[in-house]
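Read off the chains here:
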Amino acid sequence: MCLKPIPKELQEKLEEKLIRYELVRQQGKYNMLDKKARELTGLSEAEYMYIVSNYEELMNKYPYTKAKVKERLNYIMSANLSKYIAINGCEKCRQQVCEKLDVSIDDLCEECKQKLKQDTSPLFDTGT
Ligand SMILES: [Zn+2]
């Protein structure tokens, strides 16, 4: 399938808008056809629907979008993780977080992992 003509309003800052869409998608928390998902992207309905229905073609055209978003999400998650552990973690994990810049959930002890999973605060607030 080839890419349908991109609507004029979407052409402006297209890559940035794709990134906003992809940020919500990669979090995997939302059905992308849900209105809530669209609200999180901040895109208009027309822009959003265009991206949904031309997703594969757009990702082929802008192949770095997925990797960029992945990198940004990792960074956000790591920053949030550090913040969370600095406040709620055990002594050992707090030490880990202090020494390591890019902390992942695998660096934590079982107890802190569990605590983190049960926490319902918006850990992955992407701030977009
Ligand atoms: Zn711990």
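Every residue gets a number counted from 1 within its own chain, in the order that chain's sequence is written. At least 70 in pLDDT is required for a residue's local features to be given in this predicted model, at least 80 for side-chain atom pairs to be given and counted, and no such filter applies to totals for whole chains, interfaces and linings, which use all residues.

> Please provide a residue-by-residue account of the overall build of the protein, values included.
Helix and strand assignments come from DSSP, with helices taken as H or I runs of at least 4 residues and strands as E runs of at least 2, each series counted from the N terminus. Looking only at helices and strands, one finds 8 helices and 0 strands in the protein. Helices and strands appear in the protein in the N-to-C order α-α-α-α-α-α-α-α. All radius of gyration figures rest on C-alpha atoms, and the globule criterion is 2.2 Å times the number of residues raised to 0.38. Since a compact globule built from 128 residues should have a radius of gyration of about 14 Å, the 18 Å found for the protein marks it as more spread out than a globular shape. Dimensions of the protein along its principal axes, counting C-alpha atoms only, are 55 × 25 × 25 Å. Counting the 128 residues in the protein, one finds 20% classified as buried. Exposed residues have 12 or fewer other C-beta atoms within 10 Å of their own C-beta, buried residues have 20 or more, and partly exposed residues fall in between, where C-beta atoms are placed from the backbone.

> Quick one: what's the story with the domain arrangement of the protein, residue by residue and with numbers?
Note: interface size is frequently given as the accessible area lost on complex formation between the parts. According to the domain assignment, the protein contains domain 1 (13-63) and domain 2 (79-118). Here the limits of each domain have been adopted from an automatic or database domain assignment. Placing the centre of domain 1 and that of domain 2 at their C-alpha centroids yields a distance of 31 Å.

> Could you give me a rundown of the packing of helix 2 (residues 14-27) against helix 6 (residues 65-88), with the residues and numbers involved?
Convention adopted: a line fitted to C-alpha atoms gives each axis, helices being fitted over their contacting stretch, and angles between N-to-C directions are expressed from 0 to 180 degrees. Where helix 2 meets helix 6, the axes come as close as 9 Å, and the angle between the chain directions of the two elements is 60 degrees. Between helix 2 and helix 6, the angle is such that the two are oblique. For the crossing formed where helix 2 meets helix 6, the hand is right-handed. Residue-level inspection shows E15, L18, I19, E22, L23, Q26 and Q27 of helix 2 in contact with helix 6, the latter providing T65, K66, K68, V69, K70, R72 and L73. Amino acids outside the nonpolar list (Ala, Val, Leu, Ile, Met, Phe, Trp, Tyr, Cys, Pro) and the charged list (Asp, Glu, Lys, Arg) are all regarded as polar, and Gly is one of them. Here the residues of the contact of helix 2 with helix 6 sort into 5 nonpolar, 3 polar and 6 charged. Angles are sorted into four bins: roughly parallel if under 35 degrees, roughly antiparallel if over 145, roughly perpendicular if 65 to 115, and oblique for all others. The sense of a crossing depends on the near helix, which, turned anticlockwise from the far helix by less than a right angle, makes the crossing left-handed and, turned clockwise, makes it right-handed. This entry defines residue contacts through backbone-placed C-beta atoms, with two residues in contact when those atoms are within 7 Å.

> Describe in detail the packing of helix 6 against helix 7 (residues 91-99), supporting the description with residues and values.
Axis separation between helix 6 and helix 7 bottoms out at 9 Å; the angle between their running directions is 140 degrees. Seen along the crossing, helix 6 lies across helix 7 with a hand that is left-handed. Here helix 6 contributes S82, I85 and A86 to the contact with helix 7, which in turn contributes C93, R94 and V97.

> I'd like a rundown of the environment of E9, residues and numbers included.
Inspection of the secondary structure puts E9 in helix 1 (residues 8-11). Sequence separation of E9 and G28 is 19 residues, and the distance between their C-alpha atoms is 27 Å. Dropping the residues within four chain positions of it, E9 is found in contact with S44, A46 and E47.

> Explain the nonpolar core residue by residue, including any values.
In terms of nonpolar packing, the biggest core is built from 10 residues, these being L18, Y21, L23, V24, L43, Y48, Y50, I51, L58 and V69. Counting only elements with at least two residues in this core, the list comes to helix 2 and helix 4 (45-53). If you tally residues by element for this core, the top one is helix 2, at 4 residues. Apart from residues lying up to four places away in sequence, Y50 is in contact with P7 and L10. A set of buried Ala, Val, Leu, Ile, Met, Phe, Trp, Tyr and Cys residues, joined to one another through C-beta atoms within 7 Å, is what we call a nonpolar core. Grouped together as the second largest cluster of nonpolar side chains are 8 residues, Y84, I85, C93 and V103 included.

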